[in-house]
Amino acid sequence: MVSLEDYKGREQAYVKHVLLERYLEALVHKTASVYPHIVYVDGFAGPWQSANEHHEDTSFGIALRTLRTAKAAWKGKRRDVKMTAILIEKSASAFKELEKLPPKFPDIEIIPQKGDFVGLIPNILSKIPRDAFSFFLLDPKGWRIPLNALQPMLARPNSEVLFNFMFEFINRAASIDDSVVVTGLNELLPSGDWRQQLSQSTTSDQRKEVLVAAFTECLSQAGNFKHVCETTILRPDRDRPLYSLFYGTRHDRGLEVFRDCQVKALEAQAATRAATKVDKAEAKSRQTEMFGSFHEMNENEASTFLESEKNKARAALVALTPDKLNPILYKDLWPLVLAKHVVRLTAVNQLAAQLRKENVIDFPDWEPRRRVPQPHYRCCRKEN
Ligand SMILES: C[S@@+](CC[C@H](N)C(=O)[O-])C[C@H]1O[C@@H](n2cnc3c(N)ncnc32)[C@H](O)[C@@H]1O
């Protein structure tokens, strides 16, 4: 498991890595039950600001550990799954570190590639066999990424992506009237009327909503993803978004697992931010005892957000349930709710059961003794 100790002064990377680690563990283990070969691609691998001598605090370190664990678990069940990590890095000094990895992981195929990630895409794709499942992590230092150039990779079947959208820089860049900056942003967000919407936005929340919606749409189109979800990573010591992690998948099950991991990452973020703020305030004033309540208040920021998302999910569940002439199967309904809100499937199941009790939603196929709806149940609005 990643350890907060390794992330002093860059706690935002800890939150990103908690999410990556949890999701990769679930994804790799699950997909290895079906696919004979799993390929992890780290487009901007680093190492970058790593404090751990074994690079356990880097994205590739997390991925290699995950691939190794999943491979061993399946081997124990007499299933041999090939695991490959393709690690791309432009900087010569960081690349030297990547070159040291293959002998340390003889159970995994590690392919370090030196150069510009975007230029290497055709080469990378040629190394991923048709029968493999692939996961792409795109975590650049900046934001100048032409999305159309990523399209052949994003559109690869049997693939998912986690893209780090440098929100703070992009938001600032969107106000800069310089032709190089304007062209760069137009390449990252190649469609939609987001510029016009930004010009009509009056608050920072509105600007964020516009940019997140725009990139969600651009990424969905480029990769033909059924679901794209955003996770906001805040500055550790201020209430400001720093970056947005966008996850793209074509599978409802991926969405379900991702929401579970996202909730855990947001809880880790709230706890980390609380501790960081307390440390900073204490260092300033040297009065430790004053800050106990401050700590608690900040730890609640995840529960406040998640509670509000749950309330929105309840409203969405009602709004998305059709009338009784056009019932929908529950397995087609819950993904619509999870796609819109940061809520776990278990919570949506409970909301659905509650709405049934309250005579708001009807499940004509509900069986005796069932507590939550089953995937094959039809659902429709209860007409009074
Ligand atoms: C934010 S860091 C990656 C951190 C890493 N994903 C992690 O979480 O541990 C970005 C890395 O991308 C590298 N880089 C920058 N531009 C690149 C490019 N065009 N192609 C490949 N690597 C690049 C940088 O040298 C840096 O090591």
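Please refer to the structure placed before this passage.
Conventions used here
- Residues numbered from 1 in each chain as written.
- Predicted model: local features only at pLDDT ≥ 70, side-chain atom pairs only at ≥ 80, totals over all residues.
- Heavy atoms only, no water.
- Salt bridge = Lys/Arg side-chain N within 4 Å of Asp/Glu carboxyl O.
- Buried < 20%, exposed > 50% of the residue type's maximum accessible area, 1.4 Å probe, protein only.
- Helix = DSSP H or I, 4+ residues; strand = E, 2+ residues; numbered from the N terminus.
- Near = heavy atom within 4 Å.
- Polar contact = N/O pair within 3.5 Å; in protein donor to acceptor, adjacent residues only side chain to side chain.
- Areas by Shrake-Rupley, 256 points an atom, 1.4 Å probe, with all protein chains shown as cover.
- Pairing = 2+ DSSP bridges.
- Axes fitted to C-alpha atoms, helices over the stretch in contact; angles between N-to-C directions.
- Contact = heavy atoms within 4.5 Å.
- Parallel < 35°, antiparallel > 145°, perpendicular 65-115°, else oblique.
- Left-handed = near helix turned anticlockwise from the far one by under 90°.
- Nonpolar A, V, L, I, M, F, W, Y, C, P; charged D, E, K, R; others polar.
- Phe/Tyr/Trp six-rings, centres within 6.5 Å; stacked < 30°, edge-to-face > 60°.
- Lys NZ or Arg CZ within 6 Å of the ring centre and 35° of its normal.

(A) Highlighting the pattern of salt bridges. Overall, the coordinates contain 22 salt bridges when judged by the stated rule. Close ionic contact of Glu 97 with Lys 100 constitutes a salt bridge, the shortest N to O distance being 3.0 Å. Take Glu 97: its relative accessible area is 26%, and that puts it in the partly exposed class. Between Glu 230 and Lys 208 there is a salt bridge, with the nearest N and O atoms lying 3.8 Å from each other. Of the two residues, Glu 230 is situated in strand β6 (residues 227–234) and Lys 208 in helix α9 (residues 204–223); the sequence distance between them amounts to 22 residues. The pair Glu 230 / Lys 208 is uniform in exposure class, with both members buried. Sharing partners across several salt bridges, the network here consists of Glu 168, Arg 172, Arg 235 and Arg 240.

(B) Examining the site of the ligand more closely. Close to the ligand lie 18 residues, the nearest being His 17, Ser 59, Glu 89, Asp 116 and Asp 139. The side chain of Lys 16 places a nitrogen or oxygen atom 3.4 Å from an oxygen atom of the ligand. At a separation of 3.4 Å, a nitrogen atom of the ligand approaches a polar backbone atom of Phe 44. In isolation the ligand offers 610 Å² of accessible surface; the protein chains occlude 90% of this area.

(C) Layout of unusual backbone geometry. The omega angle of the peptide bond from Gly 46 to Pro 47 is 10°, so this bond is cis rather than trans. On the secondary structure map, Pro 47 appears in the loop between β1 (37–42) and α2 (59–75). In this model, Asn 158 sits at a positive phi of 55°, which is unusual for a non-glycine residue. Relative to the assigned elements, Asn 158 resides in the loop between α5 (147–154) and β5 (159–165). The backbone of Arg 369 sits at a positive phi, close to 70°, despite the residue not being glycine. Relative to the assigned elements, Arg 369 resides in the loop between β9 (361–362) and β10 (378–381).

(D) Seen up close, the sheet that holds strand β7 (residues 241–249). Pairing in this open sheet of seven strands is mixed, and the strands run β3-β2-β1-β4-β5-β7-β6 from one edge to the other. Of all strands in the sheet, those bounded by a partner on one side alone are β3 (109–114) and β6. When strand polarity is set aside, the average angle formed by the axes of neighbouring strands in this sheet is 15°. Looking at chain direction, strand β2 (residues 82–89) and β3 are connected through six bridges and run parallel. From the neighbouring strand, Glu 89 faces β3, where its bridge partner is Lys 114. Relative to the sheet, α9 contacts β5, β6 and β7, its axis offset from that of β7 by approximately 30°.

(E) Geometry of the environment of Lys 331. Among the secondary structure elements, Lys 331 is positioned in helix α12 (residues 330–340). A relative accessible area of 40% places Lys 331 in the partly exposed class. For Lys 331 and Phe 225, which are 106 residues apart along the polypeptide, the C-alpha to C-alpha distance reads 18 Å. In this structure, Lys 331 is in contact with Asp 252 and Pro 375, ignoring residues within four places of it in sequence.

(F) Spotlight on the sheet that holds β10. Within the open sheet, the three strands sit side by side as β8-β10-β9. Their pairing is antiparallel. Looking at which strands have only one partner, the edges of the open sheet turn out to be β8 (328–329) and β9.

(G) Looking closely at the packing of helix α1 (residues 11–31) against α2. Running from amino to carboxyl end, α1 crosses α2 at an angle of 25°, the nearest separation of the two axes being 9 Å. The angle between α1 and α2 falls in the class roughly parallel. Seen along the crossing, α1 lies across α2 with a hand that is right-handed. For the pair formed by α1 and α2, the contact residues are His 17, Leu 20, Glu 21, Leu 24, Glu 25, Val 28 and His 29 on the first element and Ser 59, Ile 62, Ala 63, Arg 65, Thr 66, Leu 67, Ala 70, Ala 73 and Trp 74 on the second. Of the residues assigned to the contact of α1 with α2, the class counts are nine nonpolar, four polar and three charged.

(H) Inspection of the packing of aromatic side chains at higher detail. Across all of its chains, the model carries 15 aromatic pairs by this definition. On the basis of an interplanar angle of 45° and a centroid distance of 6.2 Å, the ring pair of Tyr 23 and Phe 135 is categorised as tilted. Taken together, the residues span a long stretch of sequence, with Tyr 23 in helix α1 and Phe 135 in strand β4 (residues 132–138) at a distance of 112 residues. Exposure remark for Tyr 23: the relative accessible area of 3% places this residue in the buried category. A ring pair is formed by Trp 366 and Tyr 377, whose centres lie 5.6 Å apart and whose planes are at 50°; its orientation type is tilted. A residue pair is termed long-range when its members are at least 10 positions apart, and Trp 366 in the loop between β9 and β10 and Tyr 377 in the loop between β9 and β10 qualify at eleven residues. The pair formed by Trp 366 and Tyr 377 is uniform in burial state, with each residue classed as buried. A connected cluster of aromatic rings, assembled from ring pairs, spans Tyr 23, Tyr 40, Phe 135, Tyr 247 and Phe 258. Over the aromatic face of Trp 74 sits the side chain of Lys 77, whose NZ or CZ is 5.1 Å from the ring centroid.

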